[in-house]
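Each chain, written out:
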Amino acid sequence: MQYVMTTDITAPAAPASPASPAARNRRSGGSSLGRYILVRFLLMIPTVLILVTVVFFLIRLTGDPITAALGGRLPADQLAERIHEAGYDRPILVQYFEYLGQILTFDFGTTITDRQPVVDVLVTYGGATLELVCYALIVAFAVGIPFGMIAAAKRDRWPDAALRVSAILFYATPVFFSGLVAKLIFSVWLGWLPVSGRADVRTEVALNRSGGTGIYLIDAIATGNPAYIQDVLLHAVLPAVTLGLLTAGIFLRLVRTNVIGTYNMPYIDAARSRGVGEGRLVRKHAYRPALIPIITVIGLQIALMLGGAVLTETTFEWKGLGFQLAAYLSARDFVAVQGIVAMIAVIVAVTNFIVDIVAAFIDPRVRY
Amino acid sequence: MAKNSLFARLPVIRQLRQSVGLQRGMLVAGLVLTGLFLLCALLAPLIAPYAYNQLKGPDGNFGAQQPPSAEHLLGTTVGGYDVFSRVIWGAQTALMVIVVAVALSVVIGVLLGLVSGYLGGWVDRVLVVVADAIYAFPTLLLAIVAAIAISGGQSGLWPGVMAAAVSITVVFVPQYLRVVRAEVVRVKAEAFVESARVIGAPTGRIMFRHVLRNSTRTLPLIVTLNASEAIATLAALGFLGFGIEPTAAAEWGFDLNKSISDVAAGIWWTAVPPGLAIVLAVLGITLIGESLNDLADPRLRARRRASRTPADAVAATQPVAREDLGEVQ
């Protein structure tokens, strides 16, 4: 059953395989949206399973996590006792299946260094990362799409050249370096923006006391104090732009290539021959079909951004999931690392599922 | 074409001849930057004034966080190393990682793609599902996990280089698998493969002699893109503290991590040089990759005026001539 489905599904993921998707389309009958959603939903299971398995065995290759975290700091007999207590002296396969069972109940383990359930780490710090990724996506869209259209319209002339070189430059600059440079210029030299963190200490205390979502902008709006809102927004500018421009470069390239591609379509020629102006051609005719590939890659981009968030958060001391992950990494707390990475795998799989469904609603050709 | 045909058919050279205008400019800029990077990497012992782990000169210790001066062109780091020397030596580390990572992922990825695409069946399905799952995952996180597995997180030169290279390989193999597999599936349906099978050529011979040779046209492009990604991933791993120890080799990401606190104090010379080195190296290789990509896609290729050569007029009307793509006939 599983295999039958996977053949059907991998076709859209790898469109280059010429195994006649048209024939397959006919075979699957009405190709209803409901069936597509179900198949997509079921495909999340092997994806998560594979990732969790890979992560589990890779991390266990080095030995048990207790020795990695505490080895050298505890006497050998205490170490052995803690290893036995945690069950790390049992056969690896037993531990693996136990781990799978735990994940089914959303138990991603307990960190060694500060004895916190990994799920709590997500609840405490996930909001901050979500906030950062949302800001960055807004920057990426606001910069990438309009400039990609301009580059396509001015193809092979100087605006195109300048935009493409800067897109490559954005892509080539690691987020932690662009973050450091932005910090140096705008915070240290010009003093316009705060150096690091998500808010001033005073704001942070006030927001944490009022409880709330952990997404500071929402919390600040809830307090109704404009000083807090301003403070939170000012702190977000540099991290959001740093992370957003990375993806903006990718969006720009994608929009440019696709607008140029649709520009060569017969219906554009037809519109042009009717006397539609060049600017309107790009804005109204060529750009909409060119956006569909963006929606399909946005899932991948969000995954990339979660990786970029680890670096951005470390650079700006933005206390989110990525910052926490880096902290656990340097503390060599591999249970925490494994838990956070496995959790991100689930988040990525769910995001991809949602993106696929949205893409199917927008573009009927996607449904197989 | 006839005289220096072998030379002219080499991957980058033929694209250079094919390109015009802006595209040629980008390709040339990329080649120059990459050339500089290679020079720094290969001639590091000659260019760098000091060793990457040198702490003192003839007149005593270098001192920490010294501003740029005649003795130290770009100053010294928190740890008291010469920044300029470490930037130059860093190119060597980066090059080693690129070579090992790309070689490993090409060999493994191409083999898996060939097997997956040609043999099909359940092997194919499993490989594709696994590759898709890994492909959708944040590459950096996967690289971190792989680095933990390989080195336990900290290491000297060779273990460090191998850890970074293998972590990057884990990330890249799915990409090669997908690309080569797609090509193999296409080539498999061609008549010459069928005729080879009819003659009775063994499967291995068909796979390696007939299919593989015709399925590698997109490889130079992916190799360049992955080489630049390898530099970025190595630096990111170093930045997160999975770098190579400063006494074992120079690594740009590690140096950047150590400079975070310097930046807040307004010390720019420890952060900017290694960062710029990463940017220029990635930029150079990416420019080459981008140009190869555009030149391989007839929709994106800028064309010479048709009057210059008759062949270009043909190329302008016919989508892609087979030989244009560097296919071995």
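Predicted model only: the values in this text are computed from it and were never measured.

Novice: Explain the overall build of chain A here, please?
Specialist: From N to C terminus, chain A includes 16 helices and zero strands. Every one of the 368 residues in chain A was classed for burial, and the buried ones make up 42%. Considering only residue pairs separated by 6 or more positions, chain A has 73% of its internal contacts joining residues 24 or more positions apart.

Novice: I would appreciate a short explanation of the interface of chain A and chain B in the present structure.
Specialist: Accessible area lost upon the coming together of the parts is a frequently used measure of interface size. Counting residues at the interface gives 59 residues for chain A and 50 residues for chain B. Residue assignment for the side of chain A that touches chain B shows that the elements contributing at least two residues are α1 (2-13), α3 (33-60), α8 (158-172), α9 (175-189), α12 (226-263), α14 (278-316), α15 (321-330) and α16 (334-362) of chain A. Looking at the side of chain A that touches chain B, the element that brings in the most residues is α14(A), giving nine residues. Residue classes in the side of chain A that touches chain B are distributed as 41 nonpolar, 15 polar and three charged.

Novice: Can you walk me through the environment of Gly308(A) in this structure?
Specialist: Residues and elements named next belong to chain A. Within the secondary structure layout, Gly308 lies in helix α14. A sequence separation of 61 residues divides Gly308 from Thr247, and the C-alpha atoms of the two residues are 9.7 Å apart. Those residues in contact with Gly308 that lie beyond four places of it in its chain are Val175, Leu243 and Leu246.

Novice: What am I meant to see in the confidence of the model for chain B here?
Specialist: Interpreting fine coordinate detail is not advised for predicted regions of low pLDDT. All names here are of chain B. Looking at chain B, the pLDDT average stands at 75 and 73% of residues meet or exceed 70. The least confident element of chain B is helix α15 (residues 310-317), whose mean pLDDT is 48; the most confident is helix α5 (residues 83-119), at 85. Confidence drops under a pLDDT of 50 for residues 305-310, and excluding neighbours within four residues, the segment shows four contacts in the predicted structure. Across residues 316-329, confidence stays below pLDDT 50; counting only partners more than four residues off in sequence or on other chains, it has 19 contacts. This complex was scored by the predictor with a pTM of 0.77 and an ipTM of 0.75.

Novice: What should I look at first to understand the packing of helix α11 (residues 216-223) of chain A against α12(A) in this one?
Specialist: Packed helices, taken two at a time, are described by their axes: the angle between them and the distance between them. Residues and elements named next belong to chain A. In the contact formed by α11 and α12, the axes pass within 8 Å of each other and the chain directions differ by 165°. It follows from the interaxial angle that α11 and α12 lie roughly antiparallel. Handedness of the α11/α12 crossing: left-handed. Listed contacts from α12 to Tyr216, Leu217, Ala220, Ile221 and Thr223 of α11 are Tyr228, Ile229 and Val232.

Novice: Help me understand α5(B) in this model?
Specialist: Helical geometry note: an α-helix holds 3.6 residues per turn, so side chains three or four residues apart project in the same direction. All names here are of chain B. Between its terminal C-alpha atoms α5 stretches 53 Å, which fits the 54 Å expected from 37 residues at 1.5 Å a residue. Among the 37 residues that make up α5, 27 are buried, leaving the element largely enclosed by the rest of the structure. Once α5 ends, the next one or two residues include Gly120, with phi positive near 65°.

Novice: Looking at this structure, how should I read the nonpolar core?
Specialist: Most often, soluble globular proteins keep nonpolar side chains buried together rather than apart. Of all hydrophobic cores here, the largest spans 197 residues; its most connected members are Ile144(B) and Val145(B). What Val145(B) contacts, discounting residues up to four positions off in sequence, is Val55(A), Leu58(A), Ile59(A) and Val341(A).

Cut-offs applied
- Residues numbered from 1 in each chain as written.
- Chains lettered and ligands numbered in written order.
- Predicted model: local features only at pLDDT ≥ 70, side-chain atom pairs only at ≥ 80, totals over all residues.
- Helix = DSSP H or I, 4+ residues; strand = E, 2+ residues; numbered from the N terminus.
- Buried ≥ 20, exposed ≤ 12 C-beta atoms within 10 Å, placed from the backbone.
- Contact = placed C-beta atoms within 7 Å.
- Nonpolar A, V, L, I, M, F, W, Y, C, P; charged D, E, K, R; others polar.
- pLDDT = per-residue confidence, 0-100.
- Axes fitted to C-alpha atoms, helices over the stretch in contact; angles between N-to-C directions.
- Parallel < 35°, antiparallel > 145°, perpendicular 65-115°, else oblique.
- Left-handed = near helix turned anticlockwise from the far one by under 90°.
- Expected span 1.5 Å × (residues − 1).
- Core = buried A, V, L, I, M, F, W, Y, C linked by C-beta atoms within 7 Å.

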